[in-house]
Amino acid sequence: MALPLEIRAIEKRFAGVHPGDPPVVAIESASFSVGAGEFVSLVGPSGCGKTTLLRIVAGLVRQDAGQVALGENVLDLPGRDRGFVFQNFGLLPWRTVMENVEFGLEIRQVPRVECRKIAQRFIDLVGLKGFERHYPHQISGGMQQRVGIARALAIDPQILLMDEPFSAVDAQTREVLQDELLRILAARPMRVLFVTHSIEEALYLSDRVVVLSPRPGRVLADLVVSLPKPRWKHDVQALPEYLRLRKDIRGMIGLTVQ
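Predicted, not measured: the structure shown is a model, and the values here were computed from it.

Q: Whenever I open this one, the sheet that holds strand β5 (residues 73–74) confuses me. Can you help?
A: Note: strands within a sheet are paired through backbone hydrogen bonds, in either parallel or antiparallel orientation. Judged by pairing direction, the sheet is antiparallel, and its four strands sit side by side in the order β2-β1-β4-β5 without closing on themselves. Lying at the two open borders of the sheet, with one neighbouring strand each, are β2 (24–34) and β5. As paired strands, strand β1 (residues 5–14) and β2 are joined by seven bridges and run antiparallel to one another. Within the sheet, the bridge partner assigned to E6 lies in β2 and is S33. Seen against the sheet, helix α1 (residues 50–58) touches β1, β2 and β4 (65–70) and runs at an angle of roughly 120° to β1.

Q: Help me understand the layout of surface pockets, please; the structure alone is not making it clear to me.
A: Empty space among the atoms becomes apparent when a probe as large as a water molecule is rolled across them. When its volume is computed, the largest pocket comes out at roughly 350 Å³. For the largest pocket, the lining is made up of 15 residues, of which R82, G83, F84, F86 and I155 are closest to its centre. Classifying every residue of the lining of the largest pocket by side-chain character gives nine nonpolar, three polar and three charged.

Q: Explain the packing of aromatic side chains to me, please; I cannot follow it from the model alone.
A: The way to describe two aromatic rings as a pair is by their centre distance and the angle between their planes. Applying the stated criterion across every chain yields a total of three aromatic pairs. Centroid distance F39 to F194: 5.4 Å. Interplanar angle 45°. Geometry classified as tilted. Of this pair, F39 sits in strand β3 (residues 39–43) while F194 sits in strand β8 (residues 191–195); the two residues are 155 residues apart in sequence, bridging distant segments of the chain. Accessibility assignment for this pair places F39 and F194 in one class, buried. Relative to F86, the ring of F84 lies with its centre 4.6 Å away and its plane at 40°, an arrangement referred to as tilted. F84 gets classed as buried once you look at its relative accessible area, which sits at 12%. F86 sits in the partly exposed class, given a relative accessible area of 27%. Here the aromatic cluster, defined as three or more aromatic residues joined through ring pairs, consists of F39, F166 and F194.

Q: Explain the pattern of salt bridges to me, please; I cannot follow it from the model alone.
A: Pairing between side chains becomes possible if they bear opposite charge and their charged atoms approach one another. One pass over the full model with this rule turns up 17 salt bridges. With its nearest N and O atoms 3.9 Å apart, the salt bridge here joins R146 to E180. Highlighted residues: R146 in helix α4 (residues 141–154) and E180 in helix α5 (residues 171–187), separated in sequence by 34 residues. Owing to a relative accessible area of 15%, R146 belongs among the buried residues under this scheme. Note that R174 is salt-bridged to E201, the shortest N-O span being 2.9 Å. Linking R174 in helix α5 with E201 in helix α6 (residues 199–205), this pair joins segments that are 27 residues apart in sequence. For E201, a relative accessible area of 3% corresponds to the buried category. Counted as one network, the salt bridges with shared partners bring together R95, E102, E106, R112 and R116.

Reading the values: the criteria
Residues numbered from 1 in each chain as written. Predicted model: local features only at pLDDT ≥ 70, side-chain atom pairs only at ≥ 80, totals over all residues. Heavy atoms only, no water. Pairing = 2+ DSSP bridges. Helix = DSSP H or I, 4+ residues; strand = E, 2+ residues; numbered from the N terminus. Contact = heavy atoms within 4.5 Å. Axes fitted to C-alpha atoms, helices over the stretch in contact; angles between N-to-C directions. 1 Å grid on protein atoms, 1.4 Å probe; cavity = no way out; pocket = protein on both sides within 12 Å on 5 of 7 lines; lining within 4 Å. Points joined across faces, edges and corners; volume = space filled by probe spheres on them. Nonpolar A, V, L, I, M, F, W, Y, C, P; charged D, E, K, R; others polar. Phe/Tyr/Trp six-rings, centres within 6.5 Å; stacked < 30°, edge-to-face > 60°. Buried < 20%, exposed > 50% of the residue type's maximum accessible area, 1.4 Å probe, protein only. Salt bridge = Lys/Arg side-chain N within 4 Å of Asp/Glu carboxyl O.

As structure tokens, this is what we get:
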């Protein structure tokens, strides 16, 4: 049985703005897990430490206390077991779609022929066949984010980390990408930790939603989302369970229910 990703009592502090200022506590004793094949979203008010926590899991930021572990392995540095999808696409503008997807494989010194074969498989998976030779400026924002997802998947991670990956695209494209992500994960299951400001997006995509408090970020609730699957085939946003969870989460983070 695959062991869960464990986030154990994570704390993070940043230095004050001015000399002598007390440190700013961004995250305080945050604990939860992400099981194999599970999609977990982090939601909470701006400044609650969602992205910082995700970057700690990625090994890009060091925590001041606590531990991130996958089974017996403590994750304190970046590694090939984690793929990261950035909010602002993060593509290299001088590289084509194919070359961007190959980038992580090249760093791992995967042989050229195998590198090209793997990249092509994931380009096909995200629906970009025929755009391999295009540069980022030649494709839409939604297509650029598909490249980012393909690049993260190509390294065969155990964990996919996504930092508001659809916030930079328009509302219609965002809905399309949400459905595409669910289809990709149906074809290639993996555990996902997803940061979003959108409660609606979290409920639509997730198996569980972890709600963080205003700074310092603490876990207020860890909610199971028992909506029918596949989500893109059901009008889940009209279901009483969806509406109840949406109302509960909005109440927890101090938003007016609409």
